Amino acid sequence: MYQDLKLMFWWSGMKKDIADYVSRCLTCHKVKSEHKRLGGLPQPLEIPTDGQTKRTNQILDDMLRAIAMEWQGSWDEQLDLVEFSYNNSYQMTEKVRLIRDRLKAAQDRQKSYADLKRQPEEFIVGERLKRYHVAASHVLDPEPLDLDTSLSYSEQPVRILDTKVRITRRKDIFMVKVLWSNHEREAATWET
């Protein structure tokens, strides 16, 4: 970082300030793993004692096998990235669990509100229920469409509903509102 910054900036004690900053920056420690040197052989990880040991070991084993196959010659340089990604995946599952719990609480709250307002339907013995009777005004008669082999149809103008002139700086634009076949009056469009 110092080498990059010294090309553009300089101040008294700059190297010490940058070294101080980098030593306290978590992102610098995690992302810049290629600049780190391993301090001897890899140390065993702490084994959780909450019943998740087998699953944790399986995940770590899978991750280590994957990086060993991917980076055959330099897999040991990627161990910091594996640790970082494992920690982040654990935090993500915790966040997902937290979000799921909050959504469940919100759903339960909404259900309780709805249950308070819900009234059961009560019927009296012998009560006559009204039956629906078909009325001619309730039946829709759709207009047939002339579809071609590609299941499409052509639009044809049916009627001009309105006209107007839009005046711009250089010219007047005459516009008409057109009602198209197979469309309602609300779907009419302005054309020039």
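See above for the structure.
Residues numbered from 1 in each chain as written. Predicted model: local features only at pLDDT ≥ 70, side-chain atom pairs only at ≥ 80, totals over all residues. Heavy atoms only, no water.

*Asks:* Teacher, can you tell me more about the sheet that holds strand 1 (residues 157-167) here?
*Replies:* Strand pairing within a sheet occurs via backbone hydrogen bonds; the two strands may be parallel or antiparallel. Overall, antiparallel pairing links the three strands, which are arranged 1-2-3 in an open sheet. The strands lining the two open edges of the sheet, one partner per strand, are strand 1 and strand 3 (189-191). For this sheet the average axis-to-axis angle between neighbouring strands, irrespective of direction, equals 30°. Where strand 2 (residues 172-180) lies against strand 3, three bridges are found, and the strand directions are antiparallel. Note that in strand 3 the partner of Val178 across the bridge is Thr189. (Pairing = 2+ DSSP bridges. Helix = DSSP H or I, 4+ residues; strand = E, 2+ residues; numbered from the N terminus. Axes fitted to C-alpha atoms, helices over the stretch in contact; angles between N-to-C directions.)

*Asks:* Would you take a moment to explain a nonpolar patch on the surface for this structure?
*Replies:* Among the surface-exposed residues, Leu7, Met8, Phe9, Trp10 and Trp11 lie close enough to one another that they form a single nonpolar patch of about 700 Å² accessible area. By the secondary structure assignment, Met8 is in the loop between helix 1 (2-5) and helix 2 (14-24). (Patch = residues over 30% accessible without salt bridge, like charges linked within 9 Å, V, L, I, M, F, W, Y side chains within 5 Å. Areas by Shrake-Rupley, 256 points an atom, 1.4 Å probe, with all protein chains shown as cover. Salt bridge = Lys/Arg side-chain N within 4 Å of Asp/Glu carboxyl O.)

*Asks:* Would you explain helix 4 (residues 53-70) in this entry?
*Replies:* Think of an α-helix as 3.6 residues a turn; residues three or four steps apart then line up on the same face. Counted at 1.5 Å a residue, the expected span for helix 4 with its 18 residues is 26 Å, and the 26 Å between its end C-alpha atoms agrees. Three or more residues of helix 4 are buried, namely Thr56, Leu60 and Ile67. Mapping the buried residues of helix 4 onto a view down its axis gives an arc of 30°, with all of them on the same face. Exposed and facing more than 90 degrees away from the buried side of helix 4 are Lys54, Arg65 and Met69. (Expected span 1.5 Å × (residues − 1). Buried < 20%, exposed > 50% of the residue type's maximum accessible area, 1.4 Å probe, protein only. Arc of directions from axis to C-beta.)

*Asks:* Teacher, can you tell me more about the pairing of strand 2 here?
*Replies:* In summary, the side chains of a regular strand alternate between the two faces of the sheet. Two elements, strand 1 and strand 2, share nine bridges in a ladder whose sense is antiparallel. Paired with Arg159 across the strands is Leu179, a residue of strand 2. The turn joining strand 1 and strand 2, which pair antiparallel and follow one another in sequence, is formed by four residues.

*Asks:* Hey, could you run me through unusual backbone geometry in this one?
*Replies:* With the exception of glycine, most residues fall at negative phi, and the peptide bonds are largely trans. Even without a glycine there, the phi angle at Leu151 is positive, about 60°. Position of Leu151 relative to the elements: it lies in the loop between helix 5 (79-117) and strand 1.

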